[in-house]
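# Tertiary structure, described
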Amino acid sequence: GLPSPANVAYDLAGVENLNGLVSWASSVGGTLERQEIASFHHRYFPLPMVSITLPMAGIPTVLIDSYHGMRDMIDHLVEVHGYRRLCFIRGPESHYYAQERYRAYIDALAAHGISLDPKHVTTSGEFVPATGAEGIRLLLDERKLRPQADFEAVLTVSDLPALGALRELQARDIQVPESVALVGFNDSLEGRFVTPPLTSVRLPFYEQGRRAVEVLLAMLSGEKVAEQVVLPAELKVRQSCGCLLPSVVQAAADQNAPPEATKAFASALAARRESILDAMVQVAEPAIKGLEPDWAAKLLDSFATEVGGEAEEAGLFLRELDHILRQVVLAEGQLHGWHDVVSALRRHALP
């Protein structure tokens, strides 16, 4: 096709009007191959240049460590949650960082002794929500994979495809993270404010830009600079992987009651079960939009099971409450009334 009219901007830059360039090389390249991108940059020699994404011969680069960011993500999914069947929604094959994240996926599976299943990997796509939605359709409709049975978690090359994947899963009534975990990459604002918030990897873009300018200024001063600066990425754990918010977990109280007291408490709770359920339901209206009729029973039973010491793992009650609240949000219900629900449960449990 015809070149974009906006590309005339690249002809305006040159030795005659600039002292140096900082280039977001992978985005400048678009769909170009790596060697074509390098050739494009060579047209600006002998201007001092710094690349902030793509390593190129003769041009210093300030990189973000996408590779180890993705490795940390997979370590979390495998070691904390025990997931071993991990799907990956890929990005553009020509994009350096997209390939680094996919390379990390392959290496991390091998490090954990997990075989790479080609059916778990989608075809390449762009950094847009549609890529995530199409990836889910490919996995579920064409490859006939079943959540939990055939895969437990979906990793995505970036948050935007993750958001598209989340919408597609929710449209099919496949719950995240109960039926399948979903994680992003980039830690975008959009990913922090969906339900559930995306577990992602934060990339220090501000620091990258600042360091790139520092390197360029050093070059202009005639100083010798490093060929490559690598900045670390940071795993940001939220709820889409199956974790609870740290602030919620930290609010939990330690249980040090002796067994006989725990048994007496469980008996008293069972005896007052119906009155507690009535109190919870009464204060919940109209905050129960979109919930199943037995929501109160499930919440109370999870509380009783955990306090009674019968839960297989800590946090059973908090997970059930978290699940209910996310269902309310998805149904566009009201959350403020749920303080009253928990207060009603507390009021009856304390005596």
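I will try to describe carefully the structure that is included in this document. Just so it is clear, the model here is predicted, and its values are computed rather than measured.

## Here we look at the pairing of strand 3 (residues 61-64)
- Residues Thr61 and Leu63 of strand 3 are buried on one face, and the alternating residues Val62 and Ile64, pointing to the opposite face, are buried as well.
- Examined bridge by bridge, strand 3 and strand 8 (residues 228-231) share 4 bridges and lie parallel to one another. Across the sheet, the residue bridging to threonine 61 is glutamine 228, located in strand 8.

## Points about the pairing of strand 5 (residues 153-156)
- Here strand 5 shows a buried face lined by Ala153 and Leu155 and a second buried face lined by Val154 and Thr156.
- Direction of pairing for strand 4 (residues 86-89) relative to strand 5: parallel, over a ladder of 4 bridges. In the sheet register, isoleucine 89 faces strand 5, and the bridge partner there is threonine 156.
- Relative to strand 6 (residues 181-183), strand 5 runs parallel, the two sharing 3 bridges. Considered in strand 6, the bridge of valine 154 is made with leucine 182.
- In this fold, the crossover linking strand 5 to strand 6 by way of helix 7 (residues 159-171) has right-handed handedness.

## Focus: a nonpolar patch on the surface
- A contiguous nonpolar surface patch, about 320 Å² in accessible area, is contributed by Val22, Val213, Leu217 and Leu220.
- Top contributing element to the nonpolar patch by residue count: helix 9 (residues 205-220), with 3 residues.
- Tracing the backbone shows valine 22 in strand 1 (residues 21-23).

## Looking at the nonpolar core
- Ranked by size, the top nonpolar core spans 41 residues in total, and within it Met70, Ile74, Leu77, Leu86, Tyr105 and Leu155 carry the most contacts.
- Elements that contribute at least two residues to this core include exactly helix 3 (34-42), strand 3, helix 4 (66-79), strand 4, helix 5 (96-111), strand 5 and strand 6.
- By residue number, the principal contributor to this core is helix 5, which donates 7 residues.
- Ranked by size, the runner-up nonpolar core spans 20 residues in total, among them Ile276, Ala279, Ala296 and Val341.

## Points about the packing of aromatic side chains
- As enumerated under the stated definition, the model contains 8 aromatic pairs in all.
- Ring geometry for phenylalanine 265 against phenylalanine 303: centres 6.3 Å apart, planes inclined by 75°, an arrangement best described as edge-to-face. Here phenylalanine 303 lies in helix 13 (residues 295-307) and phenylalanine 265 lies in helix 11 (residues 259-271), a separation of 38 residues in the sequence.
- Exposure remark for phenylalanine 265: the relative accessible area of 24% places this residue in the partly exposed category.
- Judged by centre distance (5.0 Å) and plane angle (70°), the rings of tryptophan 295 and tryptophan 338 are edge-to-face. Residue tryptophan 295 is found in helix 13, and its partner tryptophan 338 is found in helix 15 (residues 338-349); the two are separated by 43 residues along the sequence.

## Focus on helix 13
- Its 13 residues place the ends of helix 13 19 Å apart at the C-alpha level, agreeing with the 18 Å of an ideal helix rising 1.5 Å per residue.
- Those residues of helix 13 that fall on the buried side of the exposure criterion are Trp295, Ala296, Ala297, Leu299, Leu300, Ser302, Phe303 and Glu306.
- Buried residues along helix 13 sit in contact with helix 11, helix 12 (273-284), helix 14 (316-330) and helix 15.
- One or two steps after helix 13, the chain reaches glycine 309, where phi turns positive at roughly 80°.

## Digging into the packing of helix 12 against helix 15
- Here helix 12 crosses helix 15 at 155°, and the two axes come no closer than 8 Å. The orientation of helix 12 with respect to helix 15, classified from their angle, is roughly antiparallel. In this structure, helix 12 meets helix 15 at a crossing whose hand is right-handed. On helix 15, the residues touching Ser275, Ile276, Ala279, Met280, Val283 and Ala284 of helix 12 are Asp340, Val341, Ala344, Leu345 and His348.
- Residues that form the contact of helix 12 with helix 15 fall into these classes: 8 nonpolar, 2 polar and 1 charged.

## Quick look at helix 3
- Those residues of helix 3 that sit buried are Ile37, Ala38, Phe40 and His41. All buried residues of helix 3 lie within an arc of 155° about the axis, which places them on one face of the element.

## Focus: the environment of proline 197
- Looking at the secondary structure, you find proline 197 in the loop between helix 8 (189-192) and strand 7 (200-202).
- Residue classification places proline 197 among the buried positions, given a relative accessible area of 15%.
- Linking proline 197 and arginine 238, residues 41 residues apart in sequence, is a C-alpha distance of 5.9 Å.
- When neighbours within four sequence positions are excluded, proline 197 is seen to be in contact with Gly191, Arg192, Arg238, Gln239 and Ser240.

## A closer look at the pattern of salt bridges
- Here the structure, examined in full by the defined rule, presents 18 salt bridges.
- Among the salt bridges present, the one from glutamate 152 reaches arginine 85, with a minimum N-O distance of 3.7 Å. In this pair, glutamate 152 is assigned in the loop between helix 6 (129-142) and strand 5 and arginine 85 in the loop between helix 4 and strand 4, connecting sequence segments 67 residues apart.
- Arginine 210 is paired through a salt bridge with glutamate 207; the nearest N and O atoms lie 2.9 Å apart. Here the residue arginine 210 and the residue glutamate 207 both occupy positions in helix 9, the gap between them amounting to 3 residues, near one helical turn.

Reading the values: the criteria
- Every chain is numbered independently, its residues counted from 1 as its sequence is written.
- It should be noted that, the model being predicted, local features are given only for residues of pLDDT at least 70 and side-chain atom pairs only at 80 or more, the latter also being counted only at that level, while totals for whole chains, interfaces and linings use all residues.
- Side-chain metrics rest on all non-hydrogen atoms present in the structure, leaving aside hydrogens and water.
- Think of it in three bands: residues with accessible area under 20% of the maximum for their type are buried, residues over 50% are exposed, and the middle band is partly exposed, with areas taken using a 1.4 Å probe on protein chains only.
- Strands are runs of DSSP state E lasting at least 2 residues, helices are runs of H or I lasting at least 4, and numbering of each runs from the N terminus.
- At least two bridges found by DSSP between two strands is the condition for calling them paired.
- When the strands point away from the viewer and the path from the first strand over the helix to the second turns clockwise, the crossover is right-handed.
- Patches here: salt-bridge-free residues with over 30% relative accessible area, like charges joined within 9 Å, nonpolar side chains (Val, Leu, Ile, Met, Phe, Trp, Tyr) joined within 5 Å.
- In this description, accessible areas are obtained by the Shrake-Rupley approach with a 1.4 Å probe, and a residue is regarded as covered only by the protein chains that are shown.
- Any Lys or Arg side-chain nitrogen found within 4 Å of a carboxyl oxygen on Asp or Glu counts as a salt bridge.
- Throughout this description, the term nonpolar core refers to a set of buried Ala, Val, Leu, Ile, Met, Phe, Trp, Tyr and Cys residues connected via side-chain atoms within 4.5 Å.
- By convention, a stacked pair of Phe, Tyr or Trp rings (six-membered ring in the case of Trp) has centres within 6.5 Å and planes under 30 degrees apart, an edge-to-face pair has planes over 60 apart, and any other such pair is tilted.
- In a helix, the anticipated span is given by 1.5 Å times the number of residues less one.
- Whether two residues are in contact is decided by their heavy atoms: any pair within 4.5 Å suffices.
- Convention adopted: a line fitted to C-alpha atoms gives each axis, helices being fitted over their contacting stretch, and angles between N-to-C directions are expressed from 0 to 180 degrees.
- In what follows, roughly perpendicular refers to angles from 65 to 115 degrees, roughly parallel to angles under 35, roughly antiparallel to angles over 145, and oblique to any angle outside these ranges.
- By definition, turning the near helix anticlockwise from the far helix through less than a right angle yields a left-handed crossing, and turning it clockwise yields a right-handed one.
- Basically, the charged four are Asp, Glu, Lys and Arg, the nonpolar ten are Ala, Val, Leu, Ile, Met, Phe, Trp, Tyr, Cys and Pro, and anything else, Gly included, counts as polar.
- The arc in question is the one spanned by the directions pointing from the helix axis to the C-beta atoms.

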